[in-house]
Amino acid sequence: MEKKFSTTSGIGIREVYTKHKEGLELPGVFPFTRGIQKDMYRGRLWTMRQYAGFSTAEESNKRYHYLLQQGTMGLSVAFDLPTQIGYDSDHDFAEGEVGKVGVAIDSLRDMEILFDGIELEKITTSMTINATASILLSMYIALAKKQGADISKISGTIQNDILKEYAARGTYIYPPKASMRLITDIFEYCSKEVPKWNTISISGYHIREAGSTAVQELAFTLANGKSYLMAAIEKGLDIDVFAKRLSFFFNCHNNFFEEIAKFRAARRMWARITKELGATDERAMQLRFHTQTGGSTLTAQQPMNNIVRVTSQAMAAVLGGTQSLHTNGFDEALSLPTEEAAKIALRTQQVIAFESGVTDTVDPLAGSYFMEELTDTMEAEAWKYIERIDAMGGSVQAIEEGYIQKEIADASYRYQTEVESAERIIVGVNKFTEPAAPLKEVFRVDDSIRQVQMKKLEILKAERDNERVAQLLAKLEADAKGQANLMPGIVEAVEAYATLGEIADTFRRVFGEY
């Protein structure tokens, strides 16, 4: 039987591709297939970020200074699970999780320590936070004010993408309608007060980590983005203003050409979506995105092989035109990355940027018969999903009906079946195996971190003006029951050292939990 070749999304690959079509649009021109800037990396390299955060704010601050010394261009903050779902470190539900998958941030005081010695006006910061994004952004703004920064000049990104939490990841707190209100309140507030801030990073990363195909990641991410656009328009916001501050966060897996085609198709599709919803400013039609190499592709077996995987994935992201990039540490299938693993991951980006030559021209693969047809096919398959979701009433309805979750679960099952049958080869896992040799160094966070954070909270509550905190939380609760924008009240509360858990619980009382 003749062997069949296909991408991970099941798109058939022919033996040879011949001339595709006459002419290609130019980079920096609608619909931006070839890149959102006309000169791309010839003018400015992507931002080299390293996602980091663990244990206490003190320990994470040390890692940030180390990464900045190694040449990272922007910080990317990982928060622990209690912080992500609105619990202070002293809450019963936080036990066993404090500081484990990210840094514990209970109050503005932790945020002050986290960025000690780092001027927020001179660095861009990405924060991977969703359900409590409004609170963490408020802490960041409050800290910038304390540093004397002009908050209209601070820049960075909050993930703030709750729809993919319902569909793929699970760190939601409130029902969808209340969550969407918080998100659009952030859009509105930042457009006036923090205009350089990217108010949402619409994330395909976690959709892919949950087991989706590349086509599904593309389709479901853009469908979610469309829902955010429509929610903001319904609130009365101007698409030509707020859409400029939207960004995307994509995964990059191992199928080299498919990943590049995904990024090219995404730009073209987003340009069409925004234009059809009324955008007239081309900057509001540009899809800007951060990429992280695929965490779920990393293997605990023969972990040094992950350096090769990450290099290939990073190269695909660059050839696809990413605006910023995080490269995973080779040891992340076993633990949080050690300093050595984080440095090698950063050096991978630096070698690509300064030694490979792939940054010397814009969209180097444009005109490849294979690349152009694959881009078109990826786009066509993704539109089919979006049309089904639109027919259901949009992403929120498709999530509530379980459609998106089922599609991801089915794709994940198919992939795992292929690995277990060795139909899909994973080097070192189901082929070219050898006896496991433990890594000499792995990174572990001690459970005693919770006690450290609990002591900090005890001291904080003894020193702050508790009467003022109570007044501000009562005002915030009243605002939540009404129609007021919630961001000014959150900023006030964090400035008085109300804790993350206290603010999240205030909203729980009004909105309920989902």
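Our structure is the block above this text.
Residues numbered from 1 in each chain as written. Predicted model: local features only at pLDDT ≥ 70, side-chain atom pairs only at ≥ 80, totals over all residues. Heavy atoms only, no water.

Chemist: Talk me through the overall build of the protein; I want residue IDs and the actual numbers.
Modeler: Each helix and strand counted, the protein has 19 helices and 9 strands in total. A compact globule built from 514 residues would reach a C-alpha radius of gyration of about 24 Å, and the protein, at 23 Å, matches this within 12%. Across its three principal axes, the protein shows a C-alpha extent of roughly 75 × 55 × 45 Å. In the protein, buried positions account for 56% of the 514 residues. Sequence separation of 24 or more characterises 79% of the internal contacts of the protein that already satisfy a separation of 6 or more. Accessible area for the protein stands at about 21,200 Å²; split by element, carbon and sulfur atoms hold 51% of it. Averaging the locations of the 58 positively and 71 negatively charged side chains of the protein gives two centres separated by 4 Å. (Helix = DSSP H or I, 4+ residues; strand = E, 2+ residues; numbered from the N terminus. Rg over C-alpha atoms; globule rule 2.2 N^0.38 Å. Buried < 20%, exposed > 50% of the residue type's maximum accessible area, 1.4 Å probe, protein only. Contact = heavy atoms within 4.5 Å. Areas by Shrake-Rupley, 256 points an atom, 1.4 Å probe, with all protein chains shown as cover. Lys, Arg positive; Asp, Glu negative; His and termini not counted. Charge placed at Lys NZ, Arg CZ, Asp CG, Glu CD.)

Chemist: With reference to specific residues and values, describe the sheet that holds strand S2 (residues 74–78).
Modeler: Read across the sheet, 9 strands follow the order S5-S4-S3-S2-S1-S9-S8-S7-S6 without closing on themselves; strand pairing throughout is parallel. The sheet terminates laterally at strand S5 (197–198) and strand S6 (200–203), the two strands that pair on one side only. The pairing of strand S7 (residues 246–252) with strand S8 (residues 289–293) spans 5 bridges and is classified as parallel. Across the sheet, the residue bridging to Phe250 is Thr291, located in S8. Relative to S8, helix H11 (residues 305–319) is tilted by about 165°, and along the sheet it contacts S7, S8 and strand S9 (324–326). (Pairing = 2+ DSSP bridges. Axes fitted to C-alpha atoms, helices over the stretch in contact; angles between N-to-C directions.)

Chemist: Account for the pattern of salt bridges, with residues named and values stated.
Modeler: One pass over the structure, following the stated rule, counts 37 salt bridges. Residue Arg34 pairs with Asp363 through a salt bridge whose shortest N-O separation is 3.1 Å. Of this pair, Arg34 sits in the segment before strand S1 (47–52) while Asp363 is found in the loop between helix H12 (339–355) and helix H13 (369–392), placing the two residues 329 residues apart along the sequence. Taking relative accessible area as the criterion, Arg34 reaches 16% and is therefore assigned buried. What you see here is one network of salt bridges that share partners, running through Arg34, Arg264, Asp363 and Glu372. (Salt bridge = Lys/Arg side-chain N within 4 Å of Asp/Glu carboxyl O.)

Chemist: I'd like to hear about the packing of helix H6 (residues 176–193) against helix H8 (residues 214–234), residue by residue, with values.
Modeler: Between H6 and H8, the shortest axis-to-axis distance is 10 Å and the interhelical angle comes to 70°. Between H6 and H8, the interaxial angle falls into the category roughly perpendicular. Residues Met180, Ile183, Thr184 and Phe187 of H6 form the contact with H8, whose participating residues are Ser227, Tyr228, Ala231 and Ala232. Class assignment of the residues belonging to the contact of H6 with H8 gives a composition of 6 nonpolar, 2 polar and no charged. (Parallel < 35°, antiparallel > 145°, perpendicular 65-115°, else oblique. Nonpolar A, V, L, I, M, F, W, Y, C, P; charged D, E, K, R; others polar.)

Chemist: Run through the layout of surface pockets, naming residues and quoting values.
Modeler: Leftover empty space is mapped by rolling, across the atoms, a probe with the size of a water molecule. Computed from the structure, the largest pocket encloses a volume of approximately 1,300 Å³. What lines the largest pocket is a set of 44 residues, and nearest its centre among them are Thr7, Thr8, Tyr415, Glu418 and Arg424. Counting residues per element, the lining of the largest pocket draws most heavily on helix H15 (residues 403–420), at 7 residues. When the residues that make up the lining of the largest pocket are grouped by side-chain class, the tally is 16 nonpolar, 18 polar and 10 charged. (1 Å grid on protein atoms, 1.4 Å probe; cavity = no way out; pocket = protein on both sides within 12 Å on 5 of 7 lines; lining within 4 Å. Points joined across faces, edges and corners; volume = space filled by probe spheres on them.)

Chemist: Give a description of the side chain of Asn306 that names residues and reports values.
Modeler: Turning to its location among the elements, Asn306 is positioned in helix H11. Given a relative accessible area of 0%, Asn306 falls into the buried group. Separated by 3.0 Å, the side chain of Asn306 and the backbone oxygen of Thr299 make a polar contact. (Polar contact = N/O pair within 3.5 Å; in protein donor to acceptor, adjacent residues only side chain to side chain.)

Chemist: Please provide a residue-by-residue account of the packing of helix H4 (residues 133–146) against helix H19 (residues 500–511), values included.
Modeler: One can describe the packing of H4 onto H19 by two numbers: an axis separation of 10 Å at closest approach and a directional angle of 140°. Between H4 and H19, the angle is such that the two are oblique. Considering how the two elements wind past one another, H4 and H19 form a crossing that is right-handed. In this structure, H4 contributes Ile135, Leu136 and Met139 to the contact, and H19 contributes Leu500, Ile503 and Ala504. Classifying every residue of the contact of H4 with H19 gives 6 nonpolar, no polar and no charged. (Left-handed = near helix turned anticlockwise from the far one by under 90°.)

Chemist: Break down helix H10 (residues 256–276) for me, citing the residues and quoting the values.
Modeler: Its 21 residues place the ends of H10 31 Å apart at the C-alpha level, agreeing with the 30 Å of an ideal helix rising 1.5 Å per residue. Burial analysis of H10 places 16 of its 21 residues in the buried class, the great majority of the element. Looking one or two residues past H10, Gly278 carries a phi angle of roughly 110°, positive in sign. (Expected span 1.5 Å × (residues − 1).)

Chemist: Pulling in residues and values, what's your account of the packing of aromatic side chains?
Modeler: Within this structure, the stated rule accounts for 22 aromatic pairs. Both rings, one in Tyr174 and one in Phe511, keep their centres 5.7 Å apart while their planes meet at 75°; by these two values the pair is edge-to-face. Of this pair, Tyr174 sits in the loop between helix H5 (163–169) and H6 while Phe511 sits in helix H19; the two residues are 337 residues apart in sequence, bridging distant segments of the chain. An aromatic cluster is built from Phe248, Phe250, Phe263, Trp270 and Phe289, whose rings are joined through pairwise contacts. Between Arg109 and the ring centre of Tyr497, over which it is positioned, the NZ or CZ distance is 5.5 Å. The ring of Trp383 has Arg272 lying over it, and the distance from NZ or CZ to the ring centre is 4.0 Å. (Phe/Tyr/Trp six-rings, centres within 6.5 Å; stacked < 30°, edge-to-face > 60°. Lys NZ or Arg CZ within 6 Å of the ring centre and 35° of its normal.)

By themselves these figures say nothing about function.
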